[in-house]
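Each chain, letter by letter, is given below.
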Amino acid sequence: MESEVQLNEQGDVQRVYDENNRDVLFCRRAEIFFTPNEDGSPSTEGKVLWHTQWWHYIGNVKRAESLGPVIENSIAQVLGDSYYVGAAEPLPAAVIVAGIKAAYTHRAAAHFGIETGGDSEG
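A. The arrangement of the sheet that holds strand S4 (residues 46-58) in detail. One open sheet accounts for 5 strands, arranged S1-S2-S3-S4-S5; its pairing is antiparallel. Every other strand in the sheet has two partners, leaving strand S1 (4-7) and strand S5 (61-74) as the edge strands with one partner each. The average angle at which neighbouring strand axes cross in this sheet is 25 degrees, direction not considered. With 3 bridges joining them, strand S2 (residues 13-16) and strand S3 (residues 21-34) adopt antiparallel strand pairing. If you follow Gln 14 over to S3, its bridge partner there is Val 24.

B. Quick look at the pairing of S4. Note that S3 and S4 share 13 bridges and pair antiparallel. Within S4, the position partnered with Leu 25 by the bridge is Trp 54.

C. Geometry of the environment of Ala 109. Topologically, Ala 109 is positioned in helix H2 (residues 93-111). When the C-alpha positions of Ala 109 and Ser 41 are compared, they lie 19 Å apart, and in sequence the two are 68 residues distant. Not counting chain neighbours up to four residues away, the residues in contact with Ala 109 comprise Ile 114 and Thr 116.

D. How the structure looks around the pattern of salt bridges. For the structure on display, the rule yields 4 salt bridges. Residue Asp 23 pairs with Arg 15 through a salt bridge whose shortest N-O separation is 2.9 Å. Owing to a relative accessible area of 2%, Asp 23 belongs among the buried residues under this scheme. Put simply, Lys 47 and Glu 72 hold a salt bridge, and the shortest N to O gap is 4.0 Å. Of this pair, Lys 47 sits in strand S4 while Glu 72 sits in strand S5, and the two are 25 residues apart along the sequence.

Cut-off values and rules
Residues numbered from 1 in each chain as written. Predicted model: local features only at pLDDT ≥ 70, side-chain atom pairs only at ≥ 80, totals over all residues. Heavy atoms only, no water. Pairing = 2+ DSSP bridges. Helix = DSSP H or I, 4+ residues; strand = E, 2+ residues; numbered from the N terminus. Axes fitted to C-alpha atoms, helices over the stretch in contact; angles between N-to-C directions. Contact = heavy atoms within 4.5 Å. Salt bridge = Lys/Arg side-chain N within 4 Å of Asp/Glu carboxyl O. Buried < 20%, exposed > 50% of the residue type's maximum accessible area, 1.4 Å probe, protein only.

Okay, here's the thing in structure tokens:
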């Protein structure tokens, strides 16, 4: 059975086989690998891995799951884009990645009992 790959109403990738059968691709785990610069300056070296899973539907009933592709991009590839994440305007990926790195720094400090003076709660 041939399928057509498209985006659904929620913005998810899906394979549509006919009016009743479709597979929706979900990211079940994401990993970000940073390679820090030795001088401590901000680094764009590294990669992002999205581990995906297909959910198979007949109508609105989920009938099965299967592993999907592992999608890999370099940090540099991802940084050039902007994404809609629920805000009025798309956020630059550089802001999203900077937020992830800031969260790491905050959580690592908290793990070792270091006060960061940051805005987030412990």
